[in-house]
Protein chains: 2
Amino acid sequence: MKTTRNTAAKTAVLEVFEKSKTALSHTEIHKQLNDLCDRVTIYRILDRLINEDIIHKISNLDGTVKYAKCNHSHQRVHIHNHAHFSCENCHEITCLESVKPSYIMPHNYKVNEINFTLSGLCPKCLNSNI
Amino acid sequence: MKTTRNTAAKTAVLEVFEKSKTALSHTEIHKQLNDLCDRVTIYRILDRLINEDIIHKISNLDGTVKYAKCNHSHQRVHIHNHAHFSCENCHEITCLESVKPSYIMPHNYKVNEINFTLSGLCPKCLNSNI
DNA sequence: TATCAATTGCAACATTGTTGCGTTTAATTT
DNA sequence: AAATTAAACGCAACAATGTTGCAATTGATA
C-alpha cells in the first residue's frame, strides 16, 4: 500500500484551503503560494488530496475547475452530493452543504453521483445592488 | 443588427447534431466533419448556434465540454434548466428533458440558472451488465 | 544515521480555446 | 446578372490548463 507524506508544499496548500471560505482554482492556489513550489507539484498535491477525501473538485458551468475542502462533520460516509453556488458577479464558488435536490429519474438508469450547480448572485453581491 | 448566414460548414455541423442522439464535443464534431472546415470555424459556429438558441453547452463533472441540440417542443420560453446524464462506462451525455430537480435555497441568494448533472450507468450499459 | 519510496522540479508535450488579419462568400441591391 | 458588403472563413500565432518522464531531493521508518 502506498503511504502518503506530509511535505512542506502539501501543508502550505492545506493552509490556503483553511484560510479560504470559497472554492479555489489551481491558478489561485499557485498565486497564493507565491512560487513556494512548482505548478506541476500543485496538480499532484490536489490529486492526492482528492484521493484522501480531503478536498473535492468542482467543474463549473463556464468550464473552470475549482477545489474545496470537504465537510465531513455530518456524515459517516462521505458523499459529495451537495450543491455549489457560483456567483455571476464576483465569481466565487461556495458549497451549499444544506441544499440537496430531489428528483425523479426515468427507469433503467443507475445514478452513482450527482452534480448540482446553481448560478446567480450571492448574498454579498445581491446586497450591493448589482 | 447582425444578420446570420447559412454556410456550408454551419449546415454540416447542424446535420451532425441531427444525426446524434447524444451530446457532442468539439473534437467529436471536428472528426465527423472530416476536415470540411477549420477547427476555429467549428468553435465560431458553435458560438453562433448557442446565441441562436439552437444548441446548448454542457460542462461535465470531468471538465469536458459538450454541445447538444435544444428541445423547444414543450416550452414557449426556452429554459436550459433540465438535467444531463453522463455515463461512466460509454461516456455518452444525454439530455434528461423530463428531469427537473426541486430544491430549497438559503435566503439572500438569487438563482438565475441551474446545472444538474447525474453520472452513473445509462440503460444501454446497465443492461450489458458492466 | 542509513535506507528507500514518495515527492519534487524541470522540460517537454497535449489539448482546448482565443485572437488578429487578410481572403472568401452568402445575401442583398442595383 | 453583376456589384456590393458585411458575415464567415482559413491560417498562424498565442494562451491557459493539464499531463508525463526522469533525475534529484526529502520524509518517514528502521
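Description of the structure in this document.

**A word on the overall build of chain A**
Next up, step 1: From N to C terminus, chain A includes four helices and five strands.
Next up, step 2: When the helices and strands of chain A are read in sequence order from the N terminus, they spell out α-α-α-β-β-β-β-β-α.
Next up, step 3: Buried residues in chain A amount to 38% of all 130 residues.
Next up, step 4: For chain A, restricting intrachain contacts to residue pairs at least 6 apart in sequence, the fraction spanning at least 24 positions comes to 52%.

**Digging into the pairing of strand β2 (residues 65-69) of chain B**
Next up, step 1: Here five bridges tie strand β1 (residues 55-59) of chain B to β2 of chain B, and the two strands are oriented antiparallel to one another. Bridge pairing links Ser59 of chain B to Val65 of chain B in β2 of chain B.

**So, the protein's contact with DNA strand C**
Next up, step 1: Around DNA strand C, the structure places 23 residues, and the nearest of them are Arg5, Thr7, Thr41, Arg44 and Arg48 of chain A.
Next up, step 2: When atoms of DNA strand C within 4 Å of the protein are split into backbone and base, the sugar-phosphate part holds 57%.
Next up, step 3: Arg5 of chain B has a polar side-chain atom sitting 3.2 Å from a base oxygen of DNA strand C.
Next up, step 4: Broken down by element, the surface near DNA strand C gets its largest block of residues, five residues, from helix α3 (residues 39-51) of chain A.
Next up, step 5: Its residues placed into classes, the surface near DNA strand C shows eight nonpolar, seven polar and eight charged.

**Here's the deal with the environment of Thr41 of chain A**
Next up, step 1: Within the secondary structure, Thr41 of chain A sits in helix α3.
Next up, step 2: As a C-alpha pair, Thr41 of chain A and Ala9 of chain A span 32 residues in sequence and 8.0 Å in three-dimensional space.

**Quick look at the nonpolar core**
Next up, step 1: Leu118 of chain A together with Leu118 of chain B are the most contacted members of the largest nonpolar core, which has 24 residues in total.
Next up, step 2: Looking at this core, the elements that each hand over two or more residues are β3 (83-87) and β5 (110-121) of chain A together with β3 (83-87) and β5 (110-121) of chain B.

**So, the pattern of salt bridges**
All names here are of chain B.
Next up, step 1: Within the structure shown, the criterion is met by eight salt bridges over all chains.
Next up, step 2: Salt-bridge contacts for Glu18 lead to Lys69; the nearest nitrogen and oxygen are separated by 3.0 Å. You can see Glu18 sitting in helix α1 (residues 8-19) and its partner Lys69 sitting in strand β2, a full 51 residues away along the chain.
Next up, step 3: By relative accessible area, which is 52% here, Glu18 ends up exposed.
Next up, step 4: Between Glu28 and Lys66 there is a salt bridge whose closest N-O contact spans 3.5 Å. Within this pair, whereas Glu28 is found in helix α2 (residues 26-33), its partner Lys66 is found in strand β2, the two being separated by 38 residues in sequence.

Rules used throughout
Residues numbered from 1 in each chain as written. Chains lettered and ligands numbered in written order. Predicted model: local features only at pLDDT ≥ 70, side-chain atom pairs only at ≥ 80, totals over all residues. Heavy atoms only, no water. Helix = DSSP H or I, 4+ residues; strand = E, 2+ residues; numbered from the N terminus. Buried < 20%, exposed > 50% of the residue type's maximum accessible area, 1.4 Å probe, protein only. Contact = heavy atoms within 4.5 Å. Pairing = 2+ DSSP bridges. Near = heavy atom within 4 Å. Polar contact = N/O pair within 3.5 Å; in protein donor to acceptor, adjacent residues only side chain to side chain. Nonpolar A, V, L, I, M, F, W, Y, C, P; charged D, E, K, R; others polar. Core = buried A, V, L, I, M, F, W, Y, C linked by side-chain atoms within 4.5 Å. Salt bridge = Lys/Arg side-chain N within 4 Å of Asp/Glu carboxyl O.

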